[in-house]
Amino acid sequence: MNVMPGGASSMLNLDYPQSVVVVDDYETAQKIVDTLSDKEFPVENLCIVGTDLKTMERVIGRRTWGSVLGQGAVSGLGMGLLVGLMMLLFTPGEAFFAVLLTGLLVGVVIGMITAAITYAMSGGRRDFNSVQQVVATHYEVLAEHKVAAKAREMVSEMSFMRAKAFQS
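Residues numbered from 1 in each chain as written. Predicted model: local features only at pLDDT ≥ 70, side-chain atom pairs only at ≥ 80, totals over all residues. Heavy atoms only, no water.

### Considering the overall build of the protein
Here comes step 1: Across its full length, the protein holds 6 helices and 3 strands.
Here comes step 2: Across the protein, helices and strands are ordered from the amino to the carboxyl terminus as α-β-α-β-α-α-β-α-α.
Here comes step 3: A buried classification covers 30% of the 168 residues belonging to the protein.
Here comes step 4: For the protein, restricting intrachain contacts to residue pairs at least 6 apart in sequence, the fraction spanning at least 24 positions comes to 82%.
Here comes step 5: Accessible area of the protein: about 11200 Å², with a carbon and sulfur share of 61%. (Helix = DSSP H or I, 4+ residues; strand = E, 2+ residues; numbered from the N terminus. Buried < 20%, exposed > 50% of the residue type's maximum accessible area, 1.4 Å probe, protein only. Contact = heavy atoms within 4.5 Å. Areas by Shrake-Rupley, 256 points an atom, 1.4 Å probe, with all protein chains shown as cover.)

Given below as structure tokens:
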């Protein structure tokens, strides 16, 4: 069960993981692990895994030439600041603000031009702004094989889990 490349994967891996319980929200999975911890269960043998992933996209507005150019100007500010600071390295100290302002303006203009070209090339496809997020629809608490049965037994005795079983 390699989760991440490099050293972090060994920290996230369990030896022969087994399912303890599957719940619908992260808060419940977290509450289960917290309750097990309160009862002095060796929680270092547990892992919470988000399963059944789905992509959610929230549309936040229409794209117009004005919004595209505005976003290009804002994104160009960072580049302009960098250009202005680089120009300061080769300019005498008296022109500090002029050089910095010139760099910012260059960045804003380049950002607007880049955004305009990109928007024009899109041909009207995807004329909206949105944000995307990958979310899990279920959360599974896994345990190492040597403690999985004990974890299942302890979870079945949790009052909030018994109440959830009757609500389904």
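### Brief notes about the nonpolar core
Here comes step 1: Ranked by internal contacts, the top residues of the largest apolar core, which has 21 residues, are V21, I32, L36, V155 and M161.
Here comes step 2: Residue assignment for this core shows that the elements contributing at least two residues are strand 1 (17-23), helix 2 (26-38), strand 3 (128-144), helix 5 (148-156) and helix 6 (159-167).
Here comes step 3: Discounting chain neighbours no more than four positions away, the residues touching L36 are F41, V43, L46, A151, M154, V155 and M158. (Core = buried A, V, L, I, M, F, W, Y, C linked by side-chain atoms within 4.5 Å.)

### Some remarks on the packing of aromatic side chains
Here comes step 1: Taken as a whole, this structure holds 2 aromatic pairs when the rule is applied.
Here comes step 2: Between W65 and Y119, the aromatic rings sit 4.8 Å apart at their centres with planes inclined by 90°, giving edge-to-face as the arrangement. Separated by 54 residues along the polypeptide, W65 in helix 3 (residues 65-88) and Y119 in helix 4 (residues 96-121) bring together distant segments of the chain.
Here comes step 3: Looking at K31, its charged tip hangs above the ring of F160, at a distance of 4.3 Å from the centre. (Phe/Tyr/Trp six-rings, centres within 6.5 Å; stacked < 30°, edge-to-face > 60°. Lys NZ or Arg CZ within 6 Å of the ring centre and 35° of its normal.)

### Quick word on the pattern of salt bridges
Here comes step 1: Taken as a whole, this structure holds 3 salt bridges when the rule is applied.
Here comes step 2: Across the salt bridge formed by R126 and E57, the nearest N and O atoms sit 2.6 Å from each other. On the criterion of sequence distance, the pair formed by R126 in the loop between helix 4 and strand 3 and E57 in strand 2 (residues 46-62) is long-range, its members being 69 residues apart.
Here comes step 3: Between E153 and K150 there is a salt bridge; the shortest N-O distance is 3.9 Å. Of this pair, E153 and K150 both sit in helix 5, separated by 3 residues, roughly a single helical turn.
Here comes step 4: Exposure remark for E153: the relative accessible area of 40% places this residue in the partly exposed category. (Salt bridge = Lys/Arg side-chain N within 4 Å of Asp/Glu carboxyl O.)

### Section: the sheet that holds strand 2
Here comes step 1: Spatial ordering of the open sheet is given by 1-3-2, a layout of 3 strands whose pairing is antiparallel. Lying at the two open borders of the sheet, with one neighbouring strand each, are strand 1 and strand 2. The sheet shows a mean angle of 35° between the axes of neighbouring strands, taken without regard to direction.
Here comes step 2: Where strand 2 and strand 3 come together, 15 bridges link them in antiparallel fashion. What sits directly across from K54, in strand 3, is V135. (Pairing = 2+ DSSP bridges. Axes fitted to C-alpha atoms, helices over the stretch in contact; angles between N-to-C directions.)

### As for helix 4
Here comes step 1: Along its 26 residues, helix 4 runs 38 Å from first to last C-alpha, staying within 8% of the 38 Å computed at 1.5 Å per residue.
Here comes step 2: For helix 4, the set of buried residues is V99, L100, G103, G107, V108, G111, A115, A116 and Y119.
Here comes step 3: Positive phi shows up at G123, right after helix 4, with a value of about 65°. (Expected span 1.5 Å × (residues − 1).)

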